[in-house]
Every structure is written in structure tokens, then in C-alpha cells.
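What follows is the residue order along each chain.
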Amino acid sequence: MPRERELKLEANAAALPQIRQWLRSHGAKAHTARITKSRYFDSADYALQKSGISMRIRSDGRRSIQTIKSSEHKSAGFFDRAEWETPVQGFIPDFAAAIDTGLNAFREHGFCRSLQPIFCVEARRAAFDLPGKSGIVLMIDRGTVFADEHRDEFCEIEIETPDGRLDELFRMARHLVRVAPLRLGTTTKSGRGYRLLQHEDGVVHAGKPALPPDICSEDAFCIIARDCLHQLAANLPATVEDVPEGLHQMRVGLRRLRACMSLFSELVECRETARIKRGLKWLGQSLGRVRDIDVLLERGLPPELSRRLEAERRRARKAATSALGSARSSRLMLDTLAWIECGPWMKNAKKLARARREQPVAKHASQELARRYARL
């Protein structure tokens, strides 16, 4: 099954000249920028979205490609998805190719006839071949999603690896984070379109990732940790815009991630894990003061005390926003993602460490619950 593995970073448009200059100075080969137009297809009740599938046709004026992607789990920044591409004429879907993917949604009788264009994306794409033998390609997309009368502008960087090796991918991303402020991309272009259609407020709650009982503990940890990091990173924009529920859900994601690390502590133990823990603790402390005041203000305090707390909240929010916009925060998010996807804990070749990673998660859960119950 063909797969797409890419790292997505969101950027401020003002930083693009600086990023392009750095890429050229470090040997990246630039391709001619192209204007692309895409149409996304789904049924009236968004059956594809509910199944974790996106279907689009993208045209750059020379050719049109139908792309179907499927993903089972949420993530922040790193996307590992099954992908099928088919050349088509114009914006006319090839339903036979969709059925050939084997995805259950397309095999339902008459389903393909219910598909229609639901939103479109226009973007300017600049691609760069990075030096070396890794074959990594970097793309800068700047454009707009159009859904009904709504629109959403975006500026993002995608770094793709053809061979699945992630170390080089994250090494390049770390260089870019030093060049300009970047944050993990938690929303795909299709996700932006659906968000506009469904009038979502940008606040993301905890997911409920399904785990088969026989899945190995390593894979289970990664699935849970990705969902936690997604909740943490996806609520950053709402938190910066001073949406109290966004801040609350960001802290929930942070607490879930730290709890996940604790539950799998023997599995992920390494020097890098300790460093990530310290960083997440700092981030939690940076956000805690604002949330504490929000909880107090919800209780209907006397006017004088409320005014004093409002003033204190403004100071606390300024400090929190400064922390979230800092280079330290950007590096922490990226390092946490890299640690989840290809951290040193995965490479521990000792027999006991390997056995812990490979044992079924149901067995690990049983042991962990028994240990904690005994402690209680």
C-alpha cells in the first residue's frame, strides 16, 4: 500500500523570504513555483470525513491528479497516511480508481454517485530538493481554502521523505525552527475545509483512540501520545486568541501526555525522555496561572476582587503568550514529536527493553493497574 510520510509546519508569511534564503544558502535546489487548484469531494453527510478519508483532484494547469488519503489516527505535525494517486481529466473523478483502493467507503453500492465537490483550495507551491542522498523534498504552500462563503488563508511547509527515514526529516525541521518561528501543523488542507463547512470554533477536545488488545505496547504508546500531542498543539491558536476553553483543553492535552509518559515510563525510559518531561513541566507552569484565575472568575466574586483578578490575569496571559510564542516552545513541540516518532527509546536493543516494547498492550495495562493498585 503506497504511503505518504510528511512533516507539516505552519509559518508566518512574513518569514518566508528568510526561509527561502536559508534553503538556497544550504544547497537546496528550487523548482519553478506553480499555482495549484484543488477540489475536495464528499457526500452530503460527509461520509468520507467520518471514515478518515479525503478525496481531491488537484490541477497545476498541466495535469490533474486525483488523490485519496486515509488515516486512522490523529497526529500533530507528522502525517503517515495511505495514499493513492490517479491521473484524471480535468476535475472529473475516477470512481473506478477510488473503488480499487479497497477502502470500504467506496465499495458501498451507489456511494460514489453521491460524491460532489464540497470546497476548493487555491495555493502557490514552491518546491525545493534538499541536498544529500535522502531524497527529501520541501514544499512551501501559501493559499486559501474556500468553503461556501467562508475562507481560510494558510501558509505551511511540508517536508516529505520517500524512504520512511525520519531522522533526516526532523533534523531539517530543527534547522528551520532556528531560522524562523514555526509551529506544528495540526490541520490538513482538507481539515481546514471541513472546519469552515461545520463552523467549528477551533477548540479541540481529547480523542478516543481505539487500541486492539493484541497491539504491541510500543505502537499503543505512539497512538495515545500522538493524540495527546494533537490536542495540545491544536489548541495553541485558540489559546493565543484568548479563548478560555482553548487554554483549558491545551492543558488537558498536556496532562494527558504526561500521564501517558508515566503509564509507559519503563517502556520509554531514556535521557531524552527526562528532557522532554522537564520541557512539558515548564509549559504547564507557563499556562497554569491563567487557568487558575479563569476558574476563580467563573465563581461570581465580589466586584473589587474580580477587578484585581482581571488585572492579574492580563499579566499572566501576557507571560503565557510570550512563552507559547518563544523559540523554546517551538523546539519543545518539535522535539516531543520527534521523540514520539523516532526517539532513542525505540532503538534500545537490550533484551528487556525490546520485550517491553513488543508485549501486548493488554498485558502491560494489567501489570500497570495491578502495580498502581498495590501502591494505592
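About the cut-offs
- Here the residue numbers are simple positions, counted from 1 along each chain's written sequence.
- Residue-level local features of this predicted model are given only where pLDDT is at least 70; pairs of side-chain atoms are given and counted only at 80 or more, and the full residue set underlies all totals for whole chains, interfaces and linings.
- Just so you know, side-chain values use all the structure's heavy atoms and leave hydrogens and water out.
- For the purposes of this entry, the term helix denotes a DSSP run of H or I that reaches at least four residues, the term strand denotes a run of E that reaches at least two, and both are numbered from the N terminus.
- Radius of gyration means the value over C-alpha atoms here, while the globule rule gives 2.2 Å times the residue count to the 0.38 power.
- Residue exposure (1.4 Å probe, protein chains only): buried if accessible area is under 20% of the type maximum, exposed if over 50%, otherwise partly exposed.
- Contacts were defined at the residue level, with two residues in contact if any of their heavy atoms lie within 4.5 Å.
- Asp and Glu are treated as the negative residues and Lys and Arg as the positive ones, with His and the ends of the chain left uncounted.
- All charge positions are set by atom: Lys at NZ, Arg at CZ, Asp at CG, Glu at CD.
- Any two strands with at least two DSSP-identified bridges between them are counted as paired.
- Given the number of residues in a helix, its expected span is that number minus one, multiplied by 1.5 Å.

Digging into the overall build of the chain
When its secondary structure is counted, the chain shows 15 helices and ten strands. The C-alpha radius of gyration of the chain comes to 22 Å, within 12% of the 21 Å expected for a compact globule of 376 residues. C-alpha extents for the chain along the principal axes are approximately 65 × 55 × 50 Å. Looking at the chain residue by residue over its 376 residues, the buried ones come to 49%. Within the chain, residue pairs in contact and separated by at least 24 positions form 71% of the contacts whose partners lie at least 6 positions apart. Separation between the mean location of the 65 positive side-chain charges and that of the 48 negative ones in the chain comes to 6 Å.

Observations regarding the environment of Leu184
Mapping Leu184 onto the fold places it in strand β10 (residues 182-184). Counting along the chain gives 59 residues from Leu184 to Arg125, while the straight-line C-alpha distance between them is 19 Å. The residues contacting Leu184, other than those within four sequence positions of it, are Lys8, Leu9, Glu10, Ala76, Gly77, Leu229, Met333, Leu334 and Leu337.

Description of the pairing of strand β8 (residues 137-147)
Across the eleven residues that make up β8, a large majority, eight, are buried. Note that strand β7 (residues 116-129) and β8 share ten bridges and pair antiparallel. When the bridges of β8 are listed, Asp129 appears paired with Val137. As paired elements, β8 and strand β9 (residues 150-160) share eleven bridges and run antiparallel to each other. Among the inter-strand pairings, Val145 is bridged to a residue of β9, identified as Asp152. Between the end of β8 and the start of β9, which pair antiparallel, lie two residues, with Asp148 showing a positive phi angle near 55°.

Let's talk about helix α7 (residues 217-234)
The first and last C-alpha atoms of α7 sit 25 Å apart over 18 residues, in line with the 26 Å expected at 1.5 Å per residue. Burial within α7 is extensive, with 15 of its 18 residues counted as buried.

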